[in-house]
Amino acid sequence: MSVRGVPAPPEYRPGLYWEERARRFAGEGAGLAAVCAYGMPELYNRAIDLEQRLALEPWLRASMGKRVLDVGCGVGRWSRMLAARGAMVTGVDLSPTMIAEARRRALAQGVAARCQFEVQDLSNLSVGGEFDLVLGVTVLQHILDPEALHAALVGMHARLSPGGRMILLEAAPTAVIKRCDSTVFRARHRGVYLDMFRRCNLELAALTGVDPAPFRTRLLPHLRSLPGVLASGLIALSTALSLPVNALLGRRAVRNSWHAVFVLERGAGGNGRGS
């Protein structure tokens with residue numbers, strides 16, 4: 001694990017990329033270096049994980065008896081949490097190692113009977129059935145091909161049961177900011193996501209924030225050029241400054257938030273295929 005994380009590859013091959021992430025870090029600690037900021041220190045990723053949990057908690061409270069589809073489930077952190085609350089969860093991920101680790105962790109936590117994990121490509125989703133909740137956390141921001149992204153949204157929409165909800169947490173700033181974009185990641189303008197949702201016949205029920213504190217996003221593009229000791233200190237400082245701001249204001253400071261939580265419902269009529 002490095003204080004600067006793992007650099008993005010020159011060419012993005014999603015299956016190979018996510019399998020490599022999983023093999024390197026999915027079995028370490030909580031597996032956050034595989035599913036949050038790739039290879040970044042535990043403190044940094046623990047803060048991200050906490051901020052995501054605080055942002056999502058209002059939408060994940062009533063889970064008893066719900067059928068949940070967790071897309072891009074990684075090591076199953078959300079699947080296991082919802083299964084522990086009584087949901088029946090299907091988790092899908094592109095990486096076989098992620099899925100194996102999700103199964104192992106579910107068994108160790110005692111929720112394996114309520115979890116089913118499958119290796120699937122979200123842009124070619126084949127899981128059967130309908131779900132009361134379709135959940136995706138920082139997944140679409142890593143699907144860079146426009147056709148694959150549209151196919152992923154169509155597939156998720158098709159799995160929503162009547163009255164069901166789709167909850168997505170994605171990097172979605174309100175200004176065009178490309179300094180953090182890479183070969184594996186795209187911080188799309190929030191309006192781009194809203195347009196895509198409309199084209200897929202998904203109605204926005206709620207929009208909340210996650211992380212309005214700007215310190216980490218300003219630091220990350222410069223991190224690899226800094227000496228190790230300085231980089232480590234700045235990471236710790238930016239994390240310490242960001243966490244209280246995001247914990248207190250994250251959900252409410254929607255406009256200033258780097259990530260956003262989109263709460264979506266099926267629109268009236270249509271199959272979600274859009275244009």
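**With respect to the sheet that holds strand 6 (residues 202–209)**
Here is step 1 of the chain: With mixed pairing, seven strands are arranged side by side in an open sheet as 3-2-1-4-5-7-6. Strands at the two margins of the open sheet, each flanked by one partner only, are strand 3 (115–119) and strand 6. With strand direction ignored, the average angle separating the axes of adjacent strands in the sheet is 20°.
Here is step 2 of the chain: Strand direction decides the pairing type here: strand 2 (residues 88–93) and strand 3, joined by five bridges, are parallel. Looking at the pairing, Asp93 lines up with Val119 of strand 3.
Here is step 3 of the chain: Packing of helix 3 (residues 42–56) onto the sheet brings it into contact with strand 4 (131–137), strand 5 (160–171), strand 6 and strand 7 (259–266), and relative to strand 5 it is tilted by some 145°.

**Re the packing of helix 3 against helix 4 (residues 77–84)**
Here is step 1 of the chain: Where helix 3 contacts helix 4, the two axes come as close as 13 Å, and the packing angle between them is 45°. One finds that helix 3 runs oblique with respect to helix 4. In terms of crossing hand, the pair formed by helix 3 and helix 4 is right-handed. Side by side, helix 3 and helix 4 meet where Asp49, Gln52, Arg53 and Leu56 of the first sit next to Arg77, Trp78 and Met81 of the second.
Here is step 2 of the chain: When the residues that make up the contact of helix 3 with helix 4 are grouped by side-chain class, the tally is three nonpolar, one polar and three charged.

**Structural notes on the environment of Ala30**
Here is step 1 of the chain: Mapping Ala30 onto the fold places it in the loop between helix 1 (14–25) and helix 2 (32–35).
Here is step 2 of the chain: If near-sequence neighbours (up to four positions away) are discounted, Ala30 is found in contact with Glu42, Arg46, Val75 and Arg105.

**Some details on the side chain of Arg159**
Here is step 1 of the chain: Along the chain, the position of Arg159 falls in the loop between helix 6 (146–158) and strand 5.
Here is step 2 of the chain: Despite its burial, Arg159 pairs with no opposite charge, the nearest such side chain being Glu130 at 9.1 Å.
Here is step 3 of the chain: Excluding residues within four positions of it along the chain, Arg159 makes contact with Leu69, Leu125, Ser126, Val127, Gly129, Glu130 and Phe131.

**Concerning the packing of helix 1 against helix 5 (residues 96–109)**
Between two packed helices, both the angle of their axes relative to each other and the distance between the axes serve to describe the pair.
Here is step 1 of the chain: The geometry of helix 1 relative to helix 5 is characterised by a closest axis approach of 7 Å and an angle of 40° between their N-to-C directions. Comparing the axis directions of helix 1 and helix 5 gives the class oblique. The segment helix 1 lies against helix 5, with Trp18, Glu19, Ala22 and Arg23 engaging Pro96, Thr97 and Met98.
Here is step 2 of the chain: The class makeup of the residues in the contact of helix 1 with helix 5 is four nonpolar, one polar and two charged.

**Points about the environment of Gly110**
Here is step 1 of the chain: Here Gly110 is to be found in the loop between helix 5 and strand 3.
Here is step 2 of the chain: With relative accessibility at 61%, the residue Gly110 sits in the exposed group.
Here is step 3 of the chain: Distance in space between the C-alpha atoms of Gly110 and Arg188 is 38 Å, their sequence separation being 78 residues.

Conventions we followed
- Residues numbered from 1 in each chain as written.
- Predicted model: local features only at pLDDT ≥ 70, side-chain atom pairs only at ≥ 80, totals over all residues.
- Heavy atoms only, no water.
- Pairing = 2+ DSSP bridges.
- Helix = DSSP H or I, 4+ residues; strand = E, 2+ residues; numbered from the N terminus.
- Axes fitted to C-alpha atoms, helices over the stretch in contact; angles between N-to-C directions.
- Contact = heavy atoms within 4.5 Å.
- Parallel < 35°, antiparallel > 145°, perpendicular 65-115°, else oblique.
- Left-handed = near helix turned anticlockwise from the far one by under 90°.
- Nonpolar A, V, L, I, M, F, W, Y, C, P; charged D, E, K, R; others polar.
- Buried < 20%, exposed > 50% of the residue type's maximum accessible area, 1.4 Å probe, protein only.
- Lys, Arg positive; Asp, Glu negative; His and termini not counted.
- Salt bridge = Lys/Arg side-chain N within 4 Å of Asp/Glu carboxyl O.

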